[in-house]
Amino acid sequence: MMHRLALLAFVAAHSAAAQADGNPHGWDRKRRCDHTDYTPKCGGCEGAGGIPFGDKNEAIHLTTCEVVSADPKGLAPPPRKPVWGTSFTAKDVSEILIGPKNDPFCFNAFPSNSSEGNLCYRFDQGTQTVDFKAGDNANGMFIDTTLTSPPFGKIQSKILHQGPSMWIVNHFPWYALGIHQCVCVDVKQGGDPATPAVYPVQYNWTDQMFFIAREKIGVEYINADGSLDVQTLDHWAFGPHHVWAKPGTGDIVRMYQPFNGLQVFPHGNLNTTVDTTPFRDIPPALCKKGGATFRINCDDDGRPKPKTAKKPATQLADAQPASGGEITRAKSMPGKAYRGESFAGMSNTLNKWLTAHPAFAKGAAAATKPCEEMTAKEIQQLQAMLYLARDADLDAIYQDAKDNRRLRHSIDDLVARWGDLNDALAASGGGGGGAAAAIHRDGHCHEAVMWWVHHVSEDMKMVLSSTPITIPLLPQATHSAVCAGAIEGAETVTKRVCKVYQEQVTCQSCHSNALPPAHGFLRAL
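Right, let's walk through the structure included here. (Residues numbered from 1 in each chain as written. Predicted model: local features only at pLDDT ≥ 70, side-chain atom pairs only at ≥ 80, totals over all residues. Heavy atoms only, no water.)

## Focus on the overall build of the chain
Then, in step 1: Per the secondary structure count, the chain includes 10 helices and 17 strands.
Then, in step 2: Taking all 525 residues of the chain together, 52% fall into the buried category.
Then, in step 3: Of all intrachain contacts in the chain linking residues separated by at least 6 positions in sequence, the fraction that spans at least 24 positions is 65%. (Helix = DSSP H or I, 4+ residues; strand = E, 2+ residues; numbered from the N terminus. Buried < 20%, exposed > 50% of the residue type's maximum accessible area, 1.4 Å probe, protein only. Contact = heavy atoms within 4.5 Å.)

This is how it looks when you write it as structure tokens:
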């Protein structure tokens, strides 16, 4: 999803202006040193960075570095500027990609020429192919990588960048529907449609670099045990871009740019053998009409839609926004047909409506399943997908009205809370069964159904109906008695689970005819 150029080589011509952003996060000279804009200019080991994981200055695992010599004269072998060839294949490339946070899972993170705002820090690993060789007619970059994006886990991603256009084809893991998604985009500087286009980095971009020092530097992601691999390399810089190359050959081993990322080439980048096959599939077939299940900003021919095209209603796929009828429903309370006389009656009534939806019609890939046949983690993964599929306009209505259907936390907070509670249950021995585990699972079932019904537009539901998505049915059991006692008692895992359950099980406040609701502890909401 909107991946990278050559990651750190965002377009060297724009590097000099980078410090104009004022270094908003207050990074020190170990984490950031823009050679052409800093006074004094960067010295040995400055700007070496490391593995960053957050915007705060201390949110980085700094590498180790020792200056061997800052004077290039007399060094043997002599320094040679880093080589970014016209055609090469680099395997097992590891990186931390950094870019503005435009979506909750950092799918659309893309290196920018500014460090302003909240940033994404995403790890991926794979093969990078560059081909500007005359006669190949490729003139582009192909990246075949595996990226890590909680809570989805590992996602296979293939990125093609040719001319001003980029195609990102993602294959989600089986537990996230196992579907393909294609994002088509015309790349612009800083993601601003009004700015000039960004093309694949040219083979001679490293010609502009200045020698800083020969250094003994710890290189990340090479040793299997996670330790740094200390190598003697030549440090070069231009603007915020720093490159460490092998003395005498210019073979690139490590690159770092404080707001674009860290990139490590364990085998260097001088392998000139290139497979041109990927460049023959432009635009990729999966990006064309009838290709991937989810397509974003792609026309029928697989080309990026013009910048005047309407922004997609969701972050998962092009889909029509909520209709006028859906907006009206979001502003109203459910009618008698959607109510039950008790907790079990409410669940039965709503389950009948749920299973009768056209998205689950005979022949559809989508299905429903009893809640007790799913695990809390499976439902969490489903919820992550539904979060991407949600229509933000519907939640805006719920937020304004302080409606119980509103999303109460950001996805970052939710994922953190889910992980903490999963770990607490596992540590207590209750992760696989018992009352606390059942409450935990059932709460997620209630919440997932509410998201599906009230946050996903009808058009998006039908898009998802062609995927193997499984929506849990509402459980009939109520955990009122257990939770009422737990919430009043000492701090336990069950108490923590019940507090979350309070937020998740809000259906009864609107869908039950029992007055007051029999689910007593919900009155606190």
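## Some remarks on helix α9 (residues 493-504)
Then, in step 1: With 12 residues, α9 ought to run about 16 Å at 1.5 Å a step, and its terminal C-alpha atoms sit 17 Å apart, in line with that.
Then, in step 2: Those residues of α9 that are buried lie in contact with α2 (343-355), α5 (411-428), α6 (434-455) and α8 (480-488). (Expected span 1.5 Å × (residues − 1).)

## A look at unusual backbone geometry
Most of the time, phi is negative for any residue but glycine, and the peptide bond is trans.
Then, in step 1: Omega for the peptide link from Ala76 to Pro77 comes to -5 degrees, which places this bond in the cis form.
Then, in step 2: Along the polypeptide, Pro77 turns up in the loop between β3 (65-69) and β4 (87-100).
Then, in step 3: In this structure, Pro283 follows Ile282 across a cis peptide bond, with omega equal to -5 degrees.
Then, in step 4: Unusually for a residue other than glycine, Asp92 sits at a positive phi of about 60 degrees.
Then, in step 5: Relative accessible area serves as the criterion here: at 43%, Asp92 is assigned to the partly exposed category.
Then, in step 6: One non-glycine residue, Asn297, lies in the positive phi region at around 60 degrees.
Then, in step 7: Position of Asn297 relative to the elements: it lies in the loop between β15 (294-296) and α1 (324-330).

## Notes on the pattern of salt bridges
Then, in step 1: One pass over the structure, following the stated rule, counts 11 salt bridges.
Then, in step 2: Among the salt bridges present, the one from Glu220 reaches Arg254, with a minimum N-O distance of 2.9 Å. Of the two residues, Glu220 sits in the loop between β10 (210-219) and β11 (229-238) while Arg254 sits in strand β13 (residues 252-257), which places them 34 residues apart along the sequence. One exposure class covers both Glu220 and Arg254, and it is buried.
Then, in step 3: Two residues, Arg405 and Asp403, come together in a salt bridge whose shortest N-O distance is 2.8 Å. Here Arg405 matches Asp403 in class, with each residue buried.
Then, in step 4: Taken together, the shared-partner salt bridges in this structure form one network comprising Asp21, Arg32 and Asp34. (Salt bridge = Lys/Arg side-chain N within 4 Å of Asp/Glu carboxyl O.)

## Let's talk about the side chain of Asp55
Then, in step 1: Relative to the elements of secondary structure, Asp55 occurs in the loop between β1 (50-52) and β2 (60-62).
Then, in step 2: Buried charge without a salt bridge: Asp55, with Arg31 as the nearest opposite-charge side chain at an N-O distance of 5.5 Å.
Then, in step 3: Here Tyr121 takes part through its side chain, which lies 2.7 Å from a polar atom of the side chain of Asp55.
Then, in step 4: Ignoring any residue separated from it by four or fewer positions in sequence, one finds Asp55 in contact with His25, Trp27, Arg31, Gly117, Asn118, Leu119 and Tyr121. (Lys, Arg positive; Asp, Glu negative; His and termini not counted. Polar contact = N/O pair within 3.5 Å; in protein donor to acceptor, adjacent residues only side chain to side chain.)

## Structural notes on the packing of α5 against α9
Then, in step 1: Orientation of α5 relative to α9, taken along the N-to-C sense of each, is 150 degrees, at an axis distance of 10 Å. In this structure, α5 meets α9 at a crossing whose hand is left-handed. Contacts between α5 and α9 involve Arg417, Asp420, Leu421, Ala424, Leu425 and Ser428 from the first element and Val493, Arg496, Val497, Val500 and Glu503 from the second. (Axes fitted to C-alpha atoms, helices over the stretch in contact; angles between N-to-C directions. Left-handed = near helix turned anticlockwise from the far one by under 90°.)

## Looking at the state of the cysteines
Then, in step 1: All chains considered together, the criterion is met by seven disulfides.
Then, in step 2: Through a disulfide, Cys184 is tied to Cys298; the S-S separation comes to 2.0 Å. Looking along the S-S bond of the Cys184-Cys298 disulfide, the torsion reads about 100 degrees, which is the right-handed sense. With Cys184 in strand β9 (residues 180-186) and Cys298 in the loop between β15 and α1, this residue pair connects regions lying 114 residues apart in the sequence.
Then, in step 3: Across a sulfur-sulfur distance of 2.1 Å, Cys483 and Cys498 are joined as a disulfide pair. In this structure, the disulfide formed by Cys483 and Cys498 twists by about -80 degrees around the S-S bond and is classed as left-handed. Pair noted here: Cys483 is in helix α8 and Cys498 is in helix α9, with a separation of 15 residues, a long-range link.
Then, in step 4: By relative accessible area, which is 0% here, Cys498 ends up buried. (Disulfide = S-S within 2.5 Å.)

## Remarks on empty space enclosed by the protein
Then, in step 1: Applying the stated criterion across every chain yields a total of three cavities of 30 Å³ or more.
Then, in step 2: Empty space within the largest cavity amounts to approximately 190 Å³.
Then, in step 3: The wall of the largest cavity is formed by 17 residues, among which His409, Leu414, Glu447, Glu503 and Gln504 lie closest to the centre.
Then, in step 4: Sorting the residues of the lining of the largest cavity by element identifies α5, α6 and α9 as the ones contributing at least two each.
Then, in step 5: Class assignment for the residues of the lining of the largest cavity results in seven nonpolar, five polar and five charged. (1 Å grid on protein atoms, 1.4 Å probe; cavity = no way out; pocket = protein on both sides within 12 Å on 5 of 7 lines; lining within 4 Å. Points joined across faces, edges and corners; volume = space filled by probe spheres on them. Nonpolar A, V, L, I, M, F, W, Y, C, P; charged D, E, K, R; others polar.)

## A closer look at the pairing of β11
Then, in step 1: β11 sits mainly inside the fold: seven of its 10 residues count as buried.
Then, in step 2: Summarising the sheet, β10 and β11 pair through nine bridges and their orientation is antiparallel. Opposite Val219, over in β11, you have Asp229 as the bridge partner.
Then, in step 3: In this sheet, strand β12 (residues 241-245) lies alongside β11 in antiparallel orientation, the contact comprising five bridges. (Pairing = 2+ DSSP bridges.)

## Considering the packing of aromatic side chains
Then, in step 1: Applying the stated criterion across every chain yields a total of nine aromatic pairs.
Then, in step 2: Residues Trp84 and Phe265 carry aromatic rings whose centres are separated by 6.3 Å and whose planes lie at 85 degrees to one another, so their mutual orientation is edge-to-face. Pair noted here: Trp84 is in the loop between β3 and β4 and Phe265 is in the loop between β14 (261-264) and β15, with a separation of 181 residues, a long-range link. With respect to burial, Trp84 and Phe265 carry one shared label: buried.
Then, in step 3: One aromatic cluster in this structure is built from Trp84, Phe88, Trp205 and Phe265.
Then, in step 4: It is Arg390 that lies over the ring of Tyr387; its NZ or CZ is 3.9 Å from the centre.
Then, in step 5: Between the NZ or CZ atom of Lys461 and the centre of the ring of Trp452, over which it lies, the distance is 5.7 Å. (Phe/Tyr/Trp six-rings, centres within 6.5 Å; stacked < 30°, edge-to-face > 60°. Lys NZ or Arg CZ within 6 Å of the ring centre and 35° of its normal.)

## A few points about α8
Then, in step 1: Those residues of α8 that fall on the buried side of the exposure criterion are Ser480, Cys483, Ala486 and Ile487. For α8, the angular spread of buried residues about the axis comes to 135 degrees, placing them on one side. Residues of α8 that are exposed and point over 90 degrees away from its buried face: Ala481 and Glu488.
Then, in step 2: Packed against the buried residues of α8 are α6 and α9. (Arc of directions from axis to C-beta.)

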